[in-house]
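# Tertiary structure, described
Now for the letters of each chain:
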Amino acid sequence: MAAKWSEWKNDSNFSDVVNMPSVVSSAKDHRDFFYRGGEGLLHHTEFSYIGGAWKKIKTEILGTERRITGNPAAVTGGPNRIDVLARGDDNHLYHIFFDGAAWHPWDNLDKRGLEAVLSESPAAAASPGRLDVFVRGTDNHISTLHWKQGEVDE
């Protein structure tokens, strides 16, 4: 089956994007777009592909109690689950997630034993029931952290 790339199109919906966005596909013809706004808060915009074009459904600011730096890392491991990780303005790793019904507050993952503060934005990968996070600390070492459904915090 032959396929080809479309032409680039500018989108004026994102005039306040100050970093590289992260985009996930949470459903067919639906995209969730995450970026840091000019005030340092996490923005979320939902788009649906309707009538041959992307239409903005809604925009919201998530977790207003936490300012972030760098690029957020958004992943989805299946229906009704979106996880977003970001470096906070204190250089700790933070996590916020959507469970299909609501967004949950930011969680400071530094308390999980990460020894060094982050020097860059995190990266993440997800599959059903598992989330893996990769960060670079100020010591230039890569550290990993994972969440697995069914495992309980001690």
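Residues numbered from 1 in each chain as written. Predicted model: local features only at pLDDT ≥ 70, side-chain atom pairs only at ≥ 80, totals over all residues. Heavy atoms only, no water.

### Points about the nonpolar core
Nonpolar side chains tend toward joint burial in soluble globular proteins. The test is simple: Among buried residues, the Ala, Val, Leu, Ile, Met, Phe, Trp, Tyr and Cys ones that are joined through side-chain atoms within 4.5 Å form a nonpolar core. Buried, partly exposed and exposed residues are distinguished by accessible area as a fraction of the type maximum, computed with a 1.4 Å probe on protein chains only: under 20%, between the cut-offs, and over 50%, respectively. Secondary structure follows DSSP: runs of H or I at least 4 residues long count as helices, runs of E at least 2 residues long count as strands, and numbering of each begins at the N terminus. Should any heavy atoms of two residues lie within 4.5 Å, those residues are counted as being in contact.
Counting residues in hydrophobic clusters, the biggest one holds 13 residues, and the most contacted among them are Phe-34, Leu-42, Val-84, Ile-96, Trp-103 and Trp-106. Per-element tally for this core: the top contributor is strand S6 (residues 81–88), with 3 residues. Sequence-distant contacts of Ile-96, defined by excluding residues within four places in its chain, comprise Leu-42, Leu-62, Gly-63, Ile-82, Asp-83, Val-84, Trp-103, His-104, Pro-105 and Trp-106. In this structure, Val-75, Leu-93, Leu-109 and Val-133 belong to the second largest nonpolar core, which totals 8 residues.

### A few points about unusual backbone geometry
In terms of backbone geometry, most residues other than glycine have negative phi values and most peptide bonds are trans. In this structure, Asp-29 takes a positive phi of about 60 degrees despite not being glycine. Mapped onto the elements, Asp-29 comes out in the loop between strand S1 (22–27) and strand S2 (30–36). Here the phi dihedral of Asn-80 falls at roughly 60 degrees; this positive angle occurs in a residue that is not glycine. In this structure, Asn-80 sits in the loop between strand S5 (68–78) and S6.

### Here's the deal with the environment of Ser-48
For Ser-48, the position within the fold is in strand S3 (residues 42–50). Ser-48 gets classed as buried once you look at its relative accessible area, which sits at 16%. The spacing of Ser-48 and Lys-28 is 20 residues in sequence and 8.7 Å in space, taken between C-alpha atoms. Setting aside residues no more than four positions away along its own chain, Ser-48 makes contact with Asp-29, His-30, Ala-53, Trp-54, Lys-55 and Ile-57.

### Here we look at the sheet that holds strand S4 (residues 53–62)
Which entries qualify depends on this criterion: Two strands are said to pair when DSSP picks up at least two bridges between them. Axis definition: a line fitted to C-alpha atoms, over the contacting stretch in the case of helices. Angles run 0 to 180 degrees between N-to-C directions.
With respect to topology, 4 strands assemble into an open sheet ordered S1-S2-S3-S4, the strand pairing being antiparallel. Every interior strand has two partners, whereas the edge strands, S1 and S4, have only one. Neighbouring strand axes in the sheet, compared pairwise and without regard to direction, differ in orientation by 25 degrees on average.

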